[in-house]
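A structural walkthrough
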Amino acid sequence: MSIAYRPEINGLRAIAVCSVLFSHAKFKAFAGGFVGVDIFFVISGYLITSILLRDYETGNFSFFAFYLKRLRRLLPALFVVLFFCFLFSYSFLPVERLRDFARTAIAVVLFFSNIHFMSLGGYFDLGDQFRPLLHTWSLGIEEQFYIVYPIFLVLLLAWSRRAFVTGLIVVFVCSIALAQYLSAVDARVNYFLPFTRAWELAAGCLLANVNRTWLDRVPRMWREASAISGVIAIGASVALLTPEFAYPSLWTLIPVAGTVLVLGMAGQQTFVGKLLSTRLLVFLGLISYSLYLWHQPVYVYSGFVLGAHNITQSGYLALILLCVLLATLTYIFVEAPVRSRRIAKGNPQLVAVCVTAALVLIVSSRLTVIYGKQALPFRSAVVTDLDTRLRRNLGITTDCGRIPGGTEYCRTSPRPTIAVWGDSHARHAASAVLAANPDAAIIQFSGSGCPALLDLASARRGAEWARNCLAFNKSVMDWLEKNETVEHVVLASALLDFKGSQQVLNGEDSVGLSDYHTIASGLTGLIDWLRERDMEPFLFSFTPTNGTNIGNCYYRIVLFGREKTRCDMDNEDFLHSAGDRIEIFKAASSNVDSLYLPDLLCSETGCRMMPEDVFLYNDGHHLSYEGAAYVGKASNLYKRVMGATASTQ
């Protein structure tokens with residue numbers, strides 16, 4: 001018994017993948033295009049359950065055969081894309097980005113990329129970063145579903161069909177309840193966790209348990225109305241949902257319900273069924289998996305070469321056509337032959353090919369992670385030199401990146417007179433002080449993403465993360481209270497999490513919304529706390545930013561012959577990117593010595609990013625080692641911190 005081919009499902013896949021492509025291309029009409037992934041989840045649940053039920057009821061079910069088919073479906077095209085990504089990354093990317101890529105590639109091959117990205121931050125925050133494999137988080141969830149679901153199905157069906165359906169309903173209810181709860185508690189975990197996505201897959205699984213013959217007997221008028229309603233729900237979700245909505249949550253019911261209605265009611269004789277069965281949509285549906293795999297690397301690597309801010313909507317349309325071409329070739333020469341067994345005939349051979357490819361990728365990626373701290377073999381001398389100049393600035397020593405603060409490692413003297421305290425910007429601030437005076441006695445306290453504030457931390461990455469930040473700052477305060485040598489404290493934080501109204505956790509473990517007055521109070525409160533203990537504070541401001549990766553811009557200048565001024569930023573872009581941070585700094589620095597970096601690096605015409613051919617930044621907002629040295633020397637920073645008058649010219 002075979003499952004009847006339904007071309008309209010391929011049409012629905014086309015709608016899903018196009019929604020994702022246009023959303024990631026920043027087309028405003030597709031602001032909610034990320035719901036395309038939710039559509040895929042429902043389709044997967046529906047089709048996998050239909051296949052498993054057919055095989056189970058006919059006595060043909062085999063765990064080995066099922067997993068082998070999944071391997072044939074997912075791995076060949078994935079390995080092709082990963083191979084080309086690895087070639088580009090190894091040839092051109094900065095070593096830090098190459099190491100990030102290698103770590104991610106390992107997670108992708110081992111089917112836990114969603115967990116990997118969950119450890120790095122929220123999906124919509126990561127989407128603005130250089131993440132060529134970010135989209136594979138959804139593959140991680142599908143792969144985890146494929147591993148667990150057949151066992152769940154067989155165990156419950158051995159009891160009864162009713163037990164199986166009841167189990168799916170329980171999963172649906174518990175999962176959506178968990179998603180709704182976590183959407184308000186920890187959006188990062190909620191987005192990537194498989195347990196908060198299980199209900200979307202379960203929706204398709206439940207639909208597959210409804211007899212198709214019964215659905216076909218529903219009056220034509222009701223089927224037409226239901227299918228059209230489903231399309232409207234999907235369209236409204238794509239157009240109206242934005243990252244500001246809690247997601248996944250009850251809002252996700254809209255695209256999920258719409259997908260269920262289309263799958264259940266849009267047969268070949270309905271208007272929606274005929275529309276989704278048009279040749280173009282069916283074709284895009286057939287290549288949708290490869291199309292989804294290719295689009296993120298193509299977008300990200302094109303942004304690296306051209307500058308993401310330089311790619312217009314016309315440019316993205318050209319990239320989408322390129323993705324369609326690559327996906328078509330991948331489908332014709334990889335996906336289709338492997339599925340039909342024209343390549344690697346026989347089960348053992350295919351398993352051997354996939355396992356070998358996975359091992360080669362894991363080993364090569366792991367070697368890159370380990371060896372990436374030095375010059376990599378076969379890399380061009382130009383790229384290696386750029387790697388050295390634009391390596392991550394960890395502050396006083398490279399050991400400072402291994403621990404949150406560092407009373408043992410991150411100091412230049414056993415009796416420091418200057419403490420540099422803040423988030424990752426404290427690292428380059430310490431480098432700047434040391435460049436101004438190599439003999440300075442410094443201790444560095446740098447908690448990545450954790451600004452130095454009194455009883456206040458951003459909860460944007462979750463309440464638990466905020467508690468760890470508060471604990472880190474409390475440990476610094478305890479150390480400073482016991483210390484008798486520190487006389488000056490440099491407070492350096494980017495305050496990136498505090499642009500506009502944001503969730504914050506206070507010292508009483510209460511989460512609330514903040515504005516710039518709240519953050520300024522947290523900073524001035526810390527200044528007062530330091531003065532009460534006879535330590536003189538000094539404010540080191542955030543760096544000018546414009547939302548682009550300046551470090552990548554330097555690569556484009558050297559590797560692709562761009563003009564040096566292409567890295568400069570307009571004042572208007574800087575002011576827009578800075579947001580409330582300017583007001584926070586002005587309010588906190590009104591009665592304390594400070595260095596406001598925009599005054600040093602910017603003029604009325606804009607901000608220079610390559611003064612005297614110096615590579616100021618190593619990414620979008622961190623000073624490189626040579627950039628920190630430039631700032632430290634140009635501002636006489638050591639003397640300023642110690643209280644001497646110095647010019648910033």
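Residues numbered from 1 in each chain as written. Predicted model: local features only at pLDDT ≥ 70, side-chain atom pairs only at ≥ 80, totals over all residues. Heavy atoms only, no water.

Describing the overall build of the protein chain
- Each helix and strand in the protein chain was counted, giving 28 helices and ten strands.
- The C-alpha atoms of the protein chain give a radius of gyration of 27 Å, which matches the 26 Å a tight globule of 649 residues would have.
- Each principal axis of the C-alpha atoms in the protein chain carries an extent, and together these give about 85 × 55 × 45 Å.
- Counting all 649 residues of the protein chain, 56% fall into the buried class.
- For the protein chain, the accessible surface area stands at approximately 28,100 Å², while carbon and sulfur atoms represent 61% of it.
- Distance from the positive charge centre (55 side chains) to the negative charge centre (50 side chains) of the protein chain: 13 Å. (Helix = DSSP H or I, 4+ residues; strand = E, 2+ residues; numbered from the N terminus. Rg over C-alpha atoms; globule rule 2.2 N^0.38 Å. Buried < 20%, exposed > 50% of the residue type's maximum accessible area, 1.4 Å probe, protein only. Areas by Shrake-Rupley, 256 points an atom, 1.4 Å probe, with all protein chains shown as cover. Lys, Arg positive; Asp, Glu negative; His and termini not counted. Charge placed at Lys NZ, Arg CZ, Asp CG, Glu CD.)

Considerations on the state of the cysteines
- Under the definition given, this model contains three disulfides.
- Paired by a disulfide, Cys-450 and Cys-469 hold their sulfur atoms 1.9 Å apart. Taking the sign of the S-S torsion, 85° for the link of Cys-450 and Cys-469, the bridge is right-handed. With Cys-450 in the loop between β2 (442–446) and β3 (456–458) and Cys-469 in helix α21 (residues 463–482), this pair connects stretches of sequence that are 19 residues apart. (Disulfide = S-S within 2.5 Å.)

Some remarks on the packing of aromatic side chains
- Under the definition given, this model contains 38 aromatic pairs.
- Between Phe-41 and Trp-137, the ring centres sit 6.2 Å apart and the planes meet at 85°, which makes this aromatic pair edge-to-face. Taken together, the residues Phe-41 in helix α2 (residues 36–57) and Trp-137 in helix α7 (residues 137–157) connect sequence positions 96 residues apart. Neither residue differs from the other here; Phe-41 and Trp-137 are each classed as buried.
- Aromatic side chains Phe-84 and Trp-294 sit 6.0 Å apart centroid to centroid with 50° between the ring planes, which places their arrangement in the tilted category. With Phe-84 in helix α3 (residues 63–92) and Trp-294 in helix α16 (residues 288–306), this pair connects stretches of sequence that are 210 residues apart.
- Following the ring pairs from residue to residue traces out a cluster consisting of Phe-88, Phe-92, Phe-130, Tyr-301, Phe-304, Tyr-555 and Phe-560. (Phe/Tyr/Trp six-rings, centres within 6.5 Å; stacked < 30°, edge-to-face > 60°.)

Overview of unusual backbone geometry
- With an omega of -5°, the peptide bond running from Tyr-247 to Pro-248 counts as cis.
- Here the phi dihedral of Asp-455 falls at roughly 55°; this positive angle occurs in a residue that is not glycine.
- Among the structural elements, Asp-455 can be located in the loop between β2 and β3.
- Assessed through its relative accessible area of 47%, Asp-455 is described here as partly exposed.
- Positive phi, close to 60°, is recorded for Asp-613, a residue that is not glycine.

Quick look at the environment of Asn-437
- Checked against the element boundaries, Asn-437 lands in the loop between α20 (425–436) and β2.
- Its relative accessible area of 17% is what places Asn-437 among the buried residues.
- Residues Asn-437 and Tyr-638 lie 201 residues apart in sequence; the distance between their C-alpha atoms is 6.2 Å.

Brief notes about the nonpolar core
- Ranked by internal contacts, the top residues of the largest apolar core, which has 195 residues, are Trp-421, Leu-480, Leu-491, Phe-540 and Tyr-554.
- Filtering out sequence-adjacent residues up to four positions away, Tyr-554 remains in contact with Leu-390, Cys-567, Met-609, Met-610, Val-614, Phe-615, Leu-616 and Tyr-617. (Core = buried A, V, L, I, M, F, W, Y, C linked by side-chain atoms within 4.5 Å. Contact = heavy atoms within 4.5 Å.)

Comments concerning the pattern of salt bridges
- Here the structure, examined in full by the defined rule, presents 16 salt bridges.
- Of the charged contacts, one joins Arg-197 and Glu-200 as a salt bridge, the two residues approaching to 3.2 Å between their closest N and O atoms.
- Of the charged contacts in the structure, one is a salt bridge between Arg-467 and Glu-464, with a shortest N-O distance of 3.3 Å. Of this pair, Arg-467 and Glu-464 both sit in helix α21, three residues apart, which is roughly one turn of that helix.
- Owing to a relative accessible area of 34%, Arg-467 belongs among the partly exposed residues under this scheme.
- Looking at Glu-464, the relative accessible area reads 48%, which means it is partly exposed.
- Sharing partners across several salt bridges, the network here consists of Asp-38, Arg-197 and Glu-200. (Salt bridge = Lys/Arg side-chain N within 4 Å of Asp/Glu carboxyl O.)

Let's talk about the confidence of the model for the protein chain
- With 91% of its residues at a pLDDT of 70 or more, the protein chain has an overall mean of 88.
- Scored below 50 in pLDDT, residues 645–649 shows eleven contacts in the model against residues more than four places distant or in partner chains. (pLDDT = per-residue confidence, 0-100.)

Some thoughts on the sheet that holds strand β6 (residues 511–514)
- Ordered by their spatial adjacency, three strands build an open sheet running β3-β5-β6, and the pairing between neighbours is antiparallel. Two strands in the sheet have a free side with no partner beyond their single neighbour: β3 and β6. Going across the sheet, the axis of each strand differs from the next one's by a mean of 45°, ignoring polarity.
- Two strands pair when backbone bridges link them, and strand β5 (residues 502–506) and β6 are joined in this way by four bridges, in the antiparallel orientation. Note that in β6 the partner of Gln-502 across the bridge is Ser-514.
- α21 contacts β3 and β5 of the sheet and is inclined by roughly 140° relative to β3.
- Lying over the sheet, helix α22 (residues 516–532) contacts β3, β5 and β6, oriented at roughly 130° with respect to β3. (Pairing = 2+ DSSP bridges. Axes fitted to C-alpha atoms, helices over the stretch in contact; angles between N-to-C directions.)

A few points about the pairing of strand β7 (residues 536–540)
- With four of its five residues buried, β7 lies for the most part within the structure.
- Sheet analysis places strand β4 (residues 488–492) next to β7, joined by five bridges and oriented parallel. Bridged to Ala-492 within β7 is Phe-540.
- Across two bridges, β7 lies against strand β8 (residues 594–595) in parallel orientation. What sits directly across from Leu-539, in β8, is Ser-594.

Some remarks on helix α24 (residues 571–578)
- Residues of α24 that are buried: Asn-571, Phe-574, Ser-577 and Ala-578. Taken end-on, α24 shows its buried residues confined to a sector of 130°, consistent with a single buried face. Residues of α24 that are exposed and point over 90 degrees away from its buried face: Glu-572 and His-576.
- In this structure, the buried residues of α24 make contact with α25 (581–588), α26 (597–601), β9 (602–603) and β10 (606–607). (Arc of directions from axis to C-beta.)

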